[in-house]
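Survey of secondary and tertiary structure
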Amino acid sequence: MPNTHMPTIKLFNTWTRKAEAFKSITEGEVGIYTCGPTVYHNAHIGNMRAFIFADVLRRTFDYAGYKVNHVMNITDVGHLTDDGDLGEDKMLVAMRREGLNAWDIAKKYTEVFFEHAAKLNIRKPDHVPCATDHIKEQIDMVQKLEEKGFTYKTSDGVYFDTSKIDDYGYLARLDIDGLQAGERVDMGEKKNLTDFALWKFSPKDAQRDMEWDSPWGVGFPGWHIECSAMSARYLGEHFDIHTGGIDHIPVHHTNEIAQSECAHGKKFVNYWMHVAFLNLKDGAKMSKSSGKFLTVDAFEDEGISPLAYRYLCLTTHYRMGMDFDWDSLKAAATGHRRLCERVQKLADGQSLDSVELSKAALAHKAKIDEALFDDLNTAKALGQVFTMLDADDVSGLEKAKLASLVDSIFCIDILSYAPPKADVPAEVQAMLEARNAARKDRDFAKADQLRDEITALGFVIEDTAQGSVVKRG
Ligand SMILES: [Zn+2]
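Residues numbered from 1 in each chain as written. Predicted model: local features only at pLDDT ≥ 70, side-chain atom pairs only at ≥ 80, totals over all residues. Heavy atoms only, no water.

1. Regarding the nonpolar core
Membership of the largest hydrophobic core comes to 126 residues, with the highest contact counts inside it found for Phe61, Ile241 and Tyr309. By residue number, the principal contributor to this core is helix H1 (residues 45–63), which donates 9 residues. Of the domains in this structure, domain 1 (10–275) and domain 2 (279–410) are the two that each give at least three residues to this core. Apart from the residues within four sequence positions on either side, Phe61 is in contact with Ile9, Leu11, Phe22, Val30, Ile32, Tyr66, Val68 and Ile241. Judged by nonpolar contacts, the second largest core, of 9 residues, contains Met431, Leu450, Ile461 and Val470. (Core = buried A, V, L, I, M, F, W, Y, C linked by side-chain atoms within 4.5 Å. Buried < 20%, exposed > 50% of the residue type's maximum accessible area, 1.4 Å probe, protein only. Helix = DSSP H or I, 4+ residues; strand = E, 2+ residues; numbered from the N terminus. Domains from an automatic or database assignment. Contact = heavy atoms within 4.5 Å.)

As structure tokens, then:
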């Protein structure tokens, strides 16, 4: 039974450039499609910001009581080095780099992607279809477009003729005439600058690891058609929400709309949601330890929990560009740890299931929810959580319960988080042990001196019944 008391969720729709009250196609249900990773390399932390956003979106609908069907594709074929069909296949670049065949590259990086996603508490979407498992659906769709007269063939593939539709480029508000006139790029045999490949032919003189028969010749699908074909397969030809990065707007999503609406003769998606870029500030572009570009692994190498990065992403609205440097990550790690410690102290290891929320507690919850349902304003919701924790009209257990409820969206392990051991360097741990030994020997002068040295390094000592522990101050 659909819940008739569903809260209103406002979402910013790129299609209309407005925040709109969300209305689902089927009452109480929501279908979400997220453009997934291209598995020819590790996903860097900017990519992961987009997947954290999609995860927060799906969890917000879960929290609000919707039945969610979340689909994310795995692009394991067809993504070229530039969006304009002219670059080299990214998979081929990776194969040269690593000496593996295309299938092994895709398998390797799909596994790594889900490992990284799990470390960020990103829930695996309900369906994660691979492009290579849905070649038939893609060929069927290209055939449909061909029958309706939207395609033409060149020597290297089958292309979509964008001049056949009036509102091509509306999502991106593209100035097509201006584009055609202003650009002087190599169009190959394309009729229009914005035309794009639906099917590419394998080179005549070489066999690819990934290639399939088709009515037009042996080859492989274009990148855009996979998302159109797989979203239709798992969500239907018309569905609620499509997400991606803002870089998807002008080409990839614009082309998905063109081919889906032309093939099916109906509106494709009701709400388009796009996450802004992560800007890596100078000096933060690479991993400190490995020198490679930044992935979740680099955080762990530095003794920082990946959840600190999730927390950092929550502190910035998804439509705002987010600057990243190591100092901001470290500050987020401290903020995250303190929040968890504070709530864990309030919960005091007790079960929160039976805690009844008072009127005052529900008023705090309403404010947190209001922020979340206002275009996923997690930063404001987090602020409301801190206001609630400071309030004197609710009990400690109510506070812990409220924090744990909202953590079903934040997913920063508020009740269970323990900082990585490396958070306290071995050197400080050794000083603490030396101090404990000095105290045992009743050498209080030495113990005090060690305490001062530990404090000077930014740590605090807590003497508990179980012995002394040290924490970051
Ligand atoms: Zn896509």
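2. Observations concerning the sheet that holds strand E3 (residues 29–34)
If you walk across this open sheet you meet the 4 strands as E4-E3-E9-E10, and the pairing is parallel. Taken across any chain shown, the strands that pair with only one partner, and hence form the sheet edges, are strand E4 (67–72) and strand E10 (269–275). Averaged over all pairs of adjacent strands, the angle between their axes in this sheet comes to 20 degrees, without regard to strand direction. Two strands pair when backbone bridges link them, and E3 and strand E9 (residues 239–245) are joined in this way by 3 bridges, in the parallel orientation. Bridge pairing links Ile32 to Ile241 in E9. (Pairing = 2+ DSSP bridges. Axes fitted to C-alpha atoms, helices over the stretch in contact; angles between N-to-C directions.)

3. Overview of the pattern of salt bridges
Summed over all chains, the structure comprises 22 salt bridges. We note a salt bridge from Glu98 to Lys108, for which the minimum N-O separation is 2.8 Å. Here Lys108 lies in helix H3 (residues 102–119) and Glu98 lies in helix H2 (residues 90–98), a separation of 10 residues in the sequence. Of the residues examined, Lys108 reaches a relative accessible area of 34% and is grouped as partly exposed. Here Asp369 makes a salt bridge to Lys365, at a shortest N to O gap of 2.8 Å. On the criterion of helical spacing, the pair formed by Asp369 and Lys365 is a turn pair, its members being 4 residues apart in helix H11 (residues 359–372). Looking at Asp369, the relative accessible area reads 11%, which means it is buried. (Salt bridge = Lys/Arg side-chain N within 4 Å of Asp/Glu carboxyl O.)

4. Considerations on the sheet that holds strand E6 (residues 157–160)
The pairing of strands in a sheet comes from backbone hydrogen bonds and takes either a parallel or an antiparallel form. Taken together, the 4 strands give an open sheet; going across it, the order is E5-E6-E7-E8, and neighbouring strands pair in antiparallel fashion. On the outer flanks of this sheet lie strand E5 (151–153) and strand E8 (219–221), each paired with one strand and no other. Mean inter-strand twist for the sheet, computed between neighbouring axes without regard to direction, equals 20 degrees. When E6 meets strand E7 (residues 196–201), the two strands line up antiparallel, connected through 4 bridges. Across the sheet, Gly157 pairs through a bridge with Lys200, a residue of E7. Running at roughly 120 degrees to E7, helix H4 (residues 135–147) makes contact with E5, E6, E7 and E8 of the sheet.

5. What to know about unusual backbone geometry
Positive phi, normally seen in glycine, also occurs at Arg173, with a value near 55 degrees. Topologically, Arg173 is positioned in the loop between E6 and helix H5 (176–182). Overall, Arg173 belongs to the partly exposed group, its relative accessible area being 35%. Residues other than glycine seldom take positive phi values, yet Asp413 does so here, at roughly 55 degrees. You can see Asp413 is positioned in the loop between helix H13 (396–410) and helix H14 (426–440).

6. Observations concerning helix H10 (residues 326–347)
An α-helical segment advances 3.6 residues per turn. Residues three or four places apart therefore align on the same side. With 22 residues, H10 should reach 32 Å at 1.5 Å per residue; the first-to-last C-alpha distance of 31 Å fits that figure. Restricting attention to buried positions, one finds in H10 the residues Trp326, Leu329, Ala332, Ala333, His336, Arg337, Leu339, Cys340, Val343 and Ala347. The buried side chains of H10 occupy one side of the element, clustering within an arc of 165 degrees when seen end-on. Set apart from the buried face of H10 by more than 90 degrees, the exposed residues are Asp327 and Lys345. The N-cap residue of H10 is Asp325: its side-chain oxygen and the backbone nitrogen of Asp327 are 3.2 Å apart. Positive phi appears at Asp348, one or two residues downstream of H10, with a value of about 55 degrees. (Expected span 1.5 Å × (residues − 1). Arc of directions from axis to C-beta. Polar contact = N/O pair within 3.5 Å; in protein donor to acceptor, adjacent residues only side chain to side chain.)

7. Examining the packing of aromatic side chains
Overall, the coordinates contain 22 aromatic pairs when judged by the stated rule. Geometrically, the ring pair formed by Phe150 and Phe160 is stacked, given 5.9 Å between the ring centres and 0 degrees between the ring planes. Of this pair, Phe150 sits in the loop between H4 and E5 while Phe160 sits in strand E6; the two residues are 10 residues apart in sequence, bridging distant segments of the chain. Judged by its relative accessible area of 0%, Phe160 is buried. Centroid distance Phe324 to Trp326: 6.1 Å. Interplanar angle 70 degrees. Geometry classified as edge-to-face. (Phe/Tyr/Trp six-rings, centres within 6.5 Å; stacked < 30°, edge-to-face > 60°.)

Worth remembering: the numbers are spatial, not functional.
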